[in-house]
Amino acid sequence: MSINMTLGQFILEKQGDFPYAKGELSRLLRDIGIAAKIVNREVNKAGLVDIIGEVGSTNIQGERQKKLDIYANEQFISAFQYGGECCIVVSEENDEFIHIESEVSKDAKYIVAIDPLDGSSNIDVNVSVGTVFSIYRRKSVDGKATLDDILQKGVEQVAAGYVIYGSSTMLVYTTGKGVNGFTLDPSIGEFCLSHPDMRIPKDGTIYSINEGYYTHFPDGVKKYIKYCQVEDSKTNRPYTSRYIGSMVADIHRNIILGGIFIYPITASAPNGKLRLVYECNPIAFIIEQAGGKASNGYQRILDLEVTELHQRSAIFMGSENMVNKAEEMMACFSPQQTKRNFEGTMVIQ
Ligand code: AHM
Ligand code: MG
């Protein structure tokens, strides 16, 4: 049986794409791959909670059981600490950014933004969850990196990716030269190249949005949903509605099959729910690199100004033609003016 190229081999081979690369980014990606395998092991055991103990209880080895998202956060941070290629981590799990201080990371020039376990409420019901990561080069050249180093637009990302812990576990990433997917082969404990050069279809027939909040959506989104549901044989409508509630899983499916994922502003999330730095930007980078489009309904996600670590944004992303259509509806029925009114003081009829 032939073995596919492993993630480690692939990363090394691709280092040649960057003539001045010294291997730091390659090592950082490798560290993410290692932490992902450890997280995968624990996610797979999640159903055994009655055997190994509830969160907060003490297990048979006398260790306190941790929530998996906290556990995942610790695994990634310690992988960065040991690896030494990252100076700052921004994580959904931490209010403030974290300086990675270790002997080996003194001159580290990369910044990682991460959502260690996105959709973690799905774990209890055995539904796929994910990790989302984004890598930037720090702007300052010496001294301790600061908030200014972090607040970069998505377009500045040097790499981004996600891990999906699903029926199989995959790591998908880009360094700005296309998107490649690796499936974890549990028999050898390696991510193996299974989805080279992933491309999202220009058109799709899947729309993914939490329709339960329909009443609270802007008119442009309501109109787009109605458009998806109208019968039209030329455009294969009505489309199919698929919403897992785990962004990585919804996006992964839509990249492969073609579709649109929308999380707009709502009454309870007047600026959107998803976080720009470690959820929207990395996925937007992947989507664009796969040939798709990512927007906040009006503007490219990767061009949005970043002013806060945990800033939120509305997001419309996926197959280019579908996102274009949704943007058209937003421009027509929820023009920029309306959107501004929504911010902060959104009034629901
Ligand atoms: P989380 O970071 O608290 O896990 O929330 C992010 C998740 C996404 O994975 C998913 O797309 C979305 O929240 C689902 O939200 P909702 O339940 O409001 O539809
Ligand atoms: Mg999240």
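Residues numbered from 1 in each chain as written. Chains lettered and ligands numbered in written order. Predicted model: local features only at pLDDT ≥ 70, side-chain atom pairs only at ≥ 80, totals over all residues. Heavy atoms only, no water.

### Some points on the packing of aromatic side chains
And step 1. Under the defined criterion, the tally for this structure stands at seven aromatic pairs.
And step 2. Taking the centre distance of 6.4 Å and the plane angle of 90 degrees together, the rings of Phe10 and Tyr173 count as edge-to-face. Of the two residues, Phe10 is situated in helix α1 (residues 7–14) and Tyr173 in strand β6 (residues 169–174); the sequence distance between them amounts to 163 residues.
And step 3. Relative accessible area serves as the criterion here: at 6%, Phe10 is assigned to the buried category.
And step 4. Judged by relative accessible area, Tyr173 falls into the buried class, the value being 5%.
And step 5. Its guanidinium or amino end placed over the ring of Tyr227, Arg237 lies 3.7 Å from that ring's centre, counting from NZ or CZ. (Phe/Tyr/Trp six-rings, centres within 6.5 Å; stacked < 30°, edge-to-face > 60°. Helix = DSSP H or I, 4+ residues; strand = E, 2+ residues; numbered from the N terminus. Buried < 20%, exposed > 50% of the residue type's maximum accessible area, 1.4 Å probe, protein only. Lys NZ or Arg CZ within 6 Å of the ring centre and 35° of its normal.)

### Thoughts on the coordination of the magnesium ion (ligand 2)
And step 1. Taken together, the protein donors to the magnesium ion (ligand 2) comprise Glu92 (OE), Asp115 (OD), Asp118 (OD) and Glu279 (OE), at separations of 1.9 to 2.3 Å.
And step 2. Linear spacing of the donor residues for the magnesium ion (ligand 2) on their chain is E-x22-D-x2-D-x160-E. One end of the pair, Asp115, is in strand β3 (residues 110–118); the other, Glu279, is in helix α8 (residues 276–289), and 164 residues separate them in sequence. An identical accessibility class is assigned to Asp115 and Glu279; each is buried. (Donors = N, O, S within 2.8 Å, 3.2 Å for Na, K, Ca; no water.)

### Regarding the sheet that holds strand β4 (residues 129–137)
And step 1. Here we have eight strands laid out as an open sheet, ordered β2-β1-β3-β4-β5-β6-β7-β8, and mixed in their pairing. The open sheet has two free edges, formed respectively by β2 (98–99) and β8 (190–195), since each of these has just one partner strand.
And step 2. Sitting on the sheet, α8 is in contact with β1 (86–91), β3, β4, β5 (159–165), β6 and β7 (179–185), with an inclination near 85 degrees to β4. (Pairing = 2+ DSSP bridges. Contact = heavy atoms within 4.5 Å. Axes fitted to C-alpha atoms, helices over the stretch in contact; angles between N-to-C directions.)

### Some details on the packing of helix α6 (residues 219–229) against helix α9 (residues 320–333)
And step 1. Direction vectors running N to C along α6 and α9 enclose 135 degrees, while the axes themselves pass 7 Å from each other. As summarised for this structure, α6 and α9 are arranged oblique, according to the angle between their axes. Helix-helix and strand crossings are classified by hand; for α6 and α9 the assignment is right-handed. Between α6 and α9, the residues in contact are Asp219, Gly220, Val221, Lys223, Tyr224 and Tyr227 and Met322, Lys325, Ala326, Met329, Met330 and Phe333, respectively.
And step 2. Per-class residue counts for the contact of α6 with α9 are eight nonpolar, one polar and three charged. (Parallel < 35°, antiparallel > 145°, perpendicular 65-115°, else oblique. Left-handed = near helix turned anticlockwise from the far one by under 90°. Nonpolar A, V, L, I, M, F, W, Y, C, P; charged D, E, K, R; others polar.)

### Considering the pattern of salt bridges
And step 1. Here the structure, examined in full by the defined rule, presents 17 salt bridges.
And step 2. Here Lys293 and Glu327 are joined by a salt bridge, their closest N and O atoms 2.9 Å apart. One end of the pair, Lys293, is in strand β12 (residues 293–295); the other, Glu327, is in helix α9, with 34 residues separating them in the sequence.
And step 3. Judged by its relative accessible area of 24%, Lys293 falls in the partly exposed class.
And step 4. A residue is classified by how much of its surface remains accessible, and Glu327, at 15% relative accessible area, is buried.
And step 5. For Arg300, the salt bridge is made with Asp303, and the minimal N-O distance between the two is 3.3 Å. (Salt bridge = Lys/Arg side-chain N within 4 Å of Asp/Glu carboxyl O.)

### Some details on the side chain of Glu279
And step 1. The buried category is assigned to Glu279, whose relative accessible area is 1%.
And step 2. A distance of 2.7 Å separates a polar atom in the side chain of Glu279 from the backbone nitrogen of Arg275.
And step 3. Sequence-distant contacts of Glu279, that is, excluding residues within four places in its chain, are made with Glu92, Asp115, Asp118, Val132, Met247 and Leu274. (Polar contact = N/O pair within 3.5 Å; in protein donor to acceptor, adjacent residues only side chain to side chain.)

### Here we look at the pairing of β3
And step 1. Extensive coverage of β3 is indicated by the burial of nine of its nine residues.
And step 2. Judged from the five bridges that link them, β1 and β3 form a sheet pairing that is parallel. Residue pairing in the sheet places Ser91 in a bridge with Ile114 of β3.
And step 3. Pairing between β3 and β4: seven bridges, direction antiparallel. In the sheet register, Asp115 faces β4, and the bridge partner there is Val132.

### Focus on the site of ligand 1
And step 1. Near ligand 1 lie 17 residues; those nearest to it are Asp118, Gly119, Tyr243, Met247 and Tyr263.
And step 2. A distance of 3.2 Å separates an oxygen atom of ligand 1 from a polar atom in the side chain of Arg275.
And step 3. Starting from 470 Å² of accessible surface for ligand 1 in isolation, the protein chains cover 82%.
And step 4. Among the elements of the structure, β3 and β11 (260–263) are those that each provide at least two residues to the shell around ligand 1.
And step 5. Counted by class, the shell around ligand 1 contains six nonpolar, five polar and six charged residues.
And step 6. A domain split of the shell around ligand 1 shows at least three residues from each of domain 1 (7–195) and domain 2 (206–343). (Near = heavy atom within 4 Å. Areas by Shrake-Rupley, 256 points an atom, 1.4 Å probe, with all protein chains shown as cover. Domains from an automatic or database assignment.)

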